[in-house]
Amino acid sequence: MYLVLATASGNRSADAGPSPAADLLSLDAAGNPSGTRLTVALQNLPDVVRGLEQDRPRWVWQRTQDWYPALLRAGVSVEKCHDLTLCRNILVYSEFTASTGYPRANMALPVEGASDSRPGVPNQDSLFDSQVQQRGPGLEELCADLRAQLAAVRDTGEQAKLSLLLAAESAGTLIAAEMQHTGVPWREDLHEAILQTHLGPRPEGMRRPEQLERLAARLRDLLGVPGLNPDSGQELLRALHRSGVEVKTTRSWELEQLKHPAIEPLLAYKKLSRLFAANGWAWLDQWVAGGRFRPEYVVGGVVSGRWASRGGGALQIPRQIRGAAFADSGYKLIVADAAQLEPRVLAALARDTKMAEAARDKDLYAGIAAQGFGGDRAKAKVALLGAIYGATTGESGRLMPQLTRTYPQAVGYVEDAARAGEKGRIVTTRLGRSCPPPSTAWMAAQRSTTAEEQRRADGAARSRGRFTRNFVVQGSAADWAACWMAELRRRLRAFPSEVPGGAAADGGPAGVPEMVFFLHDEIMVHARDEDVDRVCALLEEAARAATQLLFGQIPIEFPVNITVVQSYADAK
DNA sequence: GCACTGAGCGCG
DNA sequence: AAAGCGCGCTCAGTGC
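Residues numbered from 1 in each chain as written. Chains lettered and ligands numbered in written order. Predicted model: local features only at pLDDT ≥ 70, side-chain atom pairs only at ≥ 80, totals over all residues. Heavy atoms only, no water.

**Q** Teacher, can you tell me more about the protein's contact with DNA strand C here?
**A** Residues in contact with DNA strand C amount to 27 residues; listed here are only the nearest, Ser232, Gly311, Gln316, Arg466 and Phe467. Ser232 is positioned such that a nitrogen or oxygen atom in its side chain is 2.5 Å from a phosphate oxygen of DNA strand C. Separating a sugar or linking oxygen of DNA strand C from a side-chain N or O atom of Gln474 is a distance of 3.1 Å. The element that contributes the greatest number of residues to the surface near DNA strand C is helix H21 (residues 451–493), accounting for four residues. A class-by-class count of the residues in the surface near DNA strand C yields nine nonpolar, twelve polar and six charged. (Near = heavy atom within 4 Å. Polar contact = N/O pair within 3.5 Å; in protein donor to acceptor, adjacent residues only side chain to side chain. Helix = DSSP H or I, 4+ residues; strand = E, 2+ residues; numbered from the N terminus. Nonpolar A, V, L, I, M, F, W, Y, C, P; charged D, E, K, R; others polar.)

**Q** When you look at the pattern of salt bridges in this model, what are you seeing that I'm missing?
**A** When the charged atoms of two side chains with opposite charge come close together, those side chains can pair. Counted by the stated rule, this structure contains 31 salt bridges. One salt bridge connects Arg88 with Asp145, and the closest N-O pair in it is separated by 3.8 Å. Of this pair, Arg88 sits in helix H3 (residues 84–93) while Asp145 sits in helix H6 (residues 139–154); the two residues are 57 residues apart in sequence, bridging distant segments of the chain. Judged on exposure class, the residue Arg88 and its partner Asp145 are both buried. If you follow the salt bridges from partner to partner, you end up with Arg208, Glu213, Arg220 and Asp231 in one network. (Salt bridge = Lys/Arg side-chain N within 4 Å of Asp/Glu carboxyl O. Buried < 20%, exposed > 50% of the residue type's maximum accessible area, 1.4 Å probe, protein only.)

**Q** What is the right way to read the protein's contact with DNA strand B from this model?
**A** If you check the shell around DNA strand B, you find 19 residues, and the closest are Thr250, Ser252, Arg274, Gln316 and Asp521. Sugar and phosphate atoms represent 78% of those atoms of DNA strand B found within 4 Å of the protein. For DNA strand B, a phosphate oxygen lies 3.2 Å from a polar atom in the side chain of Lys270. Between DNA strand B and the protein, one listed contact pairs a base nitrogen with a side-chain N or O atom of Gln316 at 3.0 Å. Tallying contributions element by element places helix H12 (residues 263–279) first for the surface near DNA strand B, with three residues. A class-by-class count of the residues in the surface near DNA strand B yields four nonpolar, six polar and nine charged.

**Q** Is there a simple way to explain unusual backbone geometry in this structure?
**A** What is expected of a backbone is that most residues other than glycine have negative phi and most peptide bonds are trans. The phi dihedral of Arg56 is positive, around 55°, even though this residue is not glycine. Following the sequence through the fold, Arg56 ends up in the loop between helix H1 (45–52) and strand E4 (58–61). Of note in the backbone geometry, Gln340 takes a positive phi value of approximately 45° without being a glycine. Along the chain, Gln340 turns up in the loop between strand E11 (331–338) and helix H14 (341–350). Taking the relative accessible area as the measure of exposure, Gln340 reaches 19% and is therefore buried.

**Q** Looking at this structure, I do not really get the packing of aromatic side chains. What am I missing?
**A** Describing an aromatic ring pair means giving the distance of the ring centres and the angle of the ring planes. For the structure shown, the criterion picks out twelve aromatic pairs. Here Phe517 and Tyr568 contribute two aromatic rings whose centre-to-centre distance is 6.2 Å and whose plane-to-plane angle is 70°, an arrangement assigned as edge-to-face. With Phe517 in strand E12 (residues 514–518) and Tyr568 in the segment after strand E14 (560–565), this pair connects stretches of sequence that are 51 residues apart. The exposure class of Tyr568 is buried, given its relative accessible area of 3%. An aromatic cluster is built from Trp480, Trp484, Phe551 and Phe558, whose rings are joined through pairwise contacts. Above the face of the Phe326 ring, Arg187 is positioned so that its terminal group lies 5.1 Å from the ring centre. Its guanidinium or amino end placed over the ring of Trp442, Arg464 lies 5.7 Å from that ring's centre, counting from NZ or CZ. (Phe/Tyr/Trp six-rings, centres within 6.5 Å; stacked < 30°, edge-to-face > 60°. Lys NZ or Arg CZ within 6 Å of the ring centre and 35° of its normal.)

**Q** Explain the pairing of E12 here, please?
**A** Regular strands place side chains that alternate from one sheet face to the opposite one. For E12, a buried count of four out of five residues is recorded, marking the element as mostly surrounded by other parts of the structure. Where E12 lies against strand E13 (residues 522–528), four bridges are found, and the strand directions are antiparallel. By the bridge assignment, Phe518 is partnered in E13 with Ile523. Count of turn residues in the E12/E13 antiparallel hairpin: three residues, of which His520 carries a positive phi of about 65°. (Pairing = 2+ DSSP bridges.)

**Q** Looking at this structure, how should I read the sheet that holds E4?
**A** Within a sheet, adjacent strands bond to each other through the backbone by hydrogen bonds, running parallel or antiparallel. Taken in spatial order, the five strands make up an open sheet running E3-E2-E1-E4-E5, and their pairing is mixed. Lying at the two open borders of the sheet, with one neighbouring strand each, are strand E3 (38–41) and strand E5 (80–83). The sheet shows a mean angle of 30° between the axes of neighbouring strands, taken without regard to direction. When strand E2 (residues 21–27) meets E3, the two strands line up antiparallel, connected through four bridges. Bridging across to E3, Ala21 finds its partner in Ala41. Across the sheet, H3 touches E4 and E5, and the angle it forms with E5 is around 55°. Sitting on the sheet, H6 is in contact with strand E1 (2–7), E2, E4 and E5, with an inclination near 140° to E1. (Axes fitted to C-alpha atoms, helices over the stretch in contact; angles between N-to-C directions. Contact = heavy atoms within 4.5 Å.)

**Q** Looking at this structure, I do not really get the sheet that holds strand E8 (residues 292–293). What am I missing?
**A** A sheet is described by the order of its strands in space; here three strands give the open sequence E6-E8-E7, paired in antiparallel fashion. The open sheet has two free edges, formed respectively by strand E6 (184–185) and strand E7 (288–289), since each of these has just one partner strand. Looking at chain direction, E6 and E8 are connected through two bridges and run antiparallel. In the strand pairing of E8, Val184 is matched with Phe293.

Taken by themselves, the reported measurements are silent on function.
In structure tokens:
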């Protein structure tokens, strides 16, 4: 059963009435009304939702981000939902729905990307965002959209995959909101200790920290430029050239190749200034509060289906400061990552039995090395990643023929994706997420007449080929990860009932294992010491379930590496 | 003063 | 050794 939740029609104008409200309507599996319309004052909504949740409906709303954060703040969680905006974006582009009327009918509608629609900071003054109260579409509109989406899924030959994708992605939006609500346990004191060790004490005002200032002074001295600002690439490049250091850029890896007294302090400066600017005291002030780091995750923020994040650089937490992510007393951080997810996904997609054999082992690269690279694991890894990314030069490019001989199926799969992309065609992930079509400018350029234009168009075609080549693998890996998370969430929600006294005495969720972080192929759970073993088992169970959902019975393992730690720095 | 781009570097 | 994919963030530099 579906329960559609919309802004009440009475308060969608700019001059919203004094009592903002929401409309509710239940629909049957086909999307037809199966109950009476209900209007609820927003202040009562959490209680109403909690009550209706007993029937285990699938909540349907314009965007999970519109409603769910406030419900979570009010202590209410839901089991499942359908995020209309996210699902519409998938269905509009999916190759599976191309033969239905859905893309054409919905393409023209303003497709609100998950990334452009709302400010990053929720309105804390009221329970729900004022946007929801005043500008949300009405119930009829949402019901019509849901019916159209259900029909589009039904009209394809791939109903099972597509409905799984929509359910998993929608579950992802719930998880994202829940993880933002919970936050990563973050010890400010440990973070500050790391900063102190590397940079010195917190500087006053806008000044550089002690250690950065010392390195800057040394650089000015060594390069003979008294006023040098090492943060300026242009100044730095000029100064290096004057000192006889012939570099094209100031990239660290290029500088590392050279011998000059200034190189070592310069590399040190770059490393430290990065720490200071990106994850220093200002970051701590802005993003960590009450012992939790709460970034915003953007589900569907990447075309391939990966998550993006907004604020705090959640998906780029440098190893340097991971020591500050630290479990509460009596708890552990359970960090699980899917081992070599993308190569395994490729083997499964391509049904490459030879590669599947190599993937029998927990270390896939070692298996590949044994089969075709004389046991050289490093070579095997470079070759396989090169195939997935489309490397043409360097060692990786040179190893391609060797890889192709051993795994014609797998290499053929990504080659086909690349050729399709070069021709301007669409490619699709396992569950039916398709890549965006090329722009009209790209298409026009492919018909260029002059030699110079044609050369550029060929370059653009190869570039798109690398994109589509990678898309099928990265995107299918994202499909797998979405299912993994959704399966884990379902199991974790059942957790308290399995463990006597699992819920806190006050009835709140304290003590229950919580997902607190997700990074493409890695999940972090914060759990009490006594729950660790059970959670580890659930992580592996969920991974097996995800594999079954995507590929059915297949002789390829998707092993999960799990480490149980106090500190994130100790994972891996 | 504000918006934007490119360089550079963090993550997978 | 550091290219081949996908991102976000900060700073310098530029243009209005």
